[in-house]
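So you can see what is in the structure, the chains are spelled out below.
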Amino acid sequence: MIYARIAGTGSFLPGDPVTNDDLVARGIDTSDQWIVERTGIRSRHLAPPELVTSDLARIASERALEAAGIGANDIDLIIVATSTPDCIFPSTAALLQSKLGIRNGSAAFDIQAVCSGFVYGLSVAEKFIRSGSHKRALVVGAEVFSRILDWSDRGTCVLFGDGAGAVILEASETPGMISSALHADGSHHPILCVPGSVASGQIIGDPFLRMDGQAVFKFAVRVLGDVALEVLEQGGVEVGAVDWMIPHQANVRIIQATAKRLGVSMDKVITTVDRHGNTSAASIPLALDVAIRDGRIRPGHRFLVEGVGGGFTWGAALLQL
Ligand code: ACO
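This is a predicted model, so every value here is computed, not measured. (Residues numbered from 1 in each chain as written. Predicted model: local features only at pLDDT ≥ 70, side-chain atom pairs only at ≥ 80, totals over all residues. Heavy atoms only, no water.)

Student: How should I be thinking about the sheet that holds strand 6 (residues 136-144) in this particular structure?
Tutor: Strands in a sheet are paired, the pairing made by backbone hydrogen bonds, and the direction either parallel or antiparallel. Within the open sheet, the five strands sit side by side as 1-7-6-4-5. Their pairing is mixed. Looking at the sheet topology across the chains shown, the edges are occupied by strand 1 (3-12) and strand 5 (107-111). Adjacent strand axes in the sheet meet at a mean angle of 20° when their direction is disregarded. As paired strands, strand 4 (residues 77-81) and strand 5 are joined by five bridges and run parallel to one another. In the strand pairing of strand 5, Ile 79 is matched with Phe 109. (Pairing = 2+ DSSP bridges. Helix = DSSP H or I, 4+ residues; strand = E, 2+ residues; numbered from the N terminus. Axes fitted to C-alpha atoms, helices over the stretch in contact; angles between N-to-C directions.)

Below, the structure written as structure tokens:
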């Protein structure tokens, strides 16, 4: 039996933290108190104009490769989850492959599942590895969400940030990934979207992120609870036997409500949203990397990752380090 296990993680946040007070100083009609009370976010990182998504992904990937103790050309599959690709095509994964100096013909493609993108990428990579077709996957969540925000819309611009997280998933005789589940319901697309597109040399429609915050909140809490229970049941693991939960880092109130519904104490939940805001597909691998590097998640620990995002898409995976 071939399993897929995590061999290394890495992450990257560009530039200095931009605090809530910094946003006020930049003229946004908000306050530290409002943002902290409603979301738990205290600061975020904003990529300078010269950095694109594949640059953030490259640094996170190099850190993951170093942690795994392997070279870039040992990778035979690259999956980048992003909603802010460098360009329409080629894929950010192909550009990342080039920036990492990988010349071995590895497969490379992007996944567009917004904030669930990393969970989608992890689950897809695991299926490639378990099939025997590939041995070592680089799965990255990387975003420059600051570029699709309407900075005159205080209801959304304070919530998001830029960053990248990467994981090396490799074939193993022991688990590894225990179970996973992916879902989507496109009928909910209007409550969180960037509706615009590019055609005939012009932006057609609205190029900024639009969100019905309260509808997203309710939807997120419901499906995050459901999908966590689904992967636990599929994996034959009781919730009490899970050492850590790493939910998508969008909003601490969504995280708390989901943990409460599952009966998981908050001291078993990894939260990093306070320091980088919602980095969409990058948020889970960022939090995972922090918790592995600071020694909370240790070899043998079981942990559950779960995400929800525009589409709507949602998914979860249960793993053992
Ligand atoms: N600063 C100060 N006041 C603000 C701000 C701001 N940044 N934004 C909105 N307000 C005001 C509004 O204008 C409104 O004022 P009014 O009562 O005078 O009209 C008031 O605050 C309440 O606005 P609501 O939008 O109703 O605030 P709500 O309590 O719903 O909180 C929030 C908004 C934080 C977005 C909440 O709905 C939420 O957390 N939703 C989840 C969305 C989320 O996390 N999305 C992330 C992306 S989705 C994902 O990753 C799955």
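Student: What's the story with the sheet that holds strand 15 (residues 313-320) in this structure? I'm lost.
Tutor: With mixed pairing, the four strands of this open sheet are ordered in space as 8-15-14-13. Among the strands making up the open sheet, the edge pair consists of strand 8 (177-184) and strand 13 (244-247). With direction set aside, neighbouring strand axes in the sheet form an average angle of 10°. In this sheet, strand 15 lies alongside strand 8 in antiparallel orientation, the contact comprising seven bridges.

Student: Please explain the domain arrangement of the protein chain as it appears in this structure.
Tutor: You'll often see interface size given as the accessible area lost when the parts meet. We note that the domain assignment places domain 1 (3-173) and domain 2 (178-320) within the protein chain. Taken residue by residue, the interface counts 50 residues in domain 1 and 46 residues in domain 2. Carbon and sulfur atoms make up 64% of the surface buried where domain 1 meets domain 2, a total of about 3,500 Å² over both sides. The three residues of domain 1 that bury the most area against domain 2 are Cys 115, Val 119 and Tyr 120, which together make up 17% of that side's buried surface. Between domain 1 and domain 2 we count two salt bridges in total. For Asp 150, the salt bridge is made with Arg 210, and the minimal N-O distance between the two is 3.1 Å. For the interface between domain 1 and domain 2, the tally reads 25 residue pairs in polar contact (both at pLDDT 80 or more). (Domains from an automatic or database assignment. Contact = heavy atoms within 4.5 Å. Buried area = accessible area lost by both parts, 1.4 Å probe. Salt bridge = Lys/Arg side-chain N within 4 Å of Asp/Glu carboxyl O. Polar contact = N/O pair within 3.5 Å; in protein donor to acceptor, adjacent residues only side chain to side chain.)

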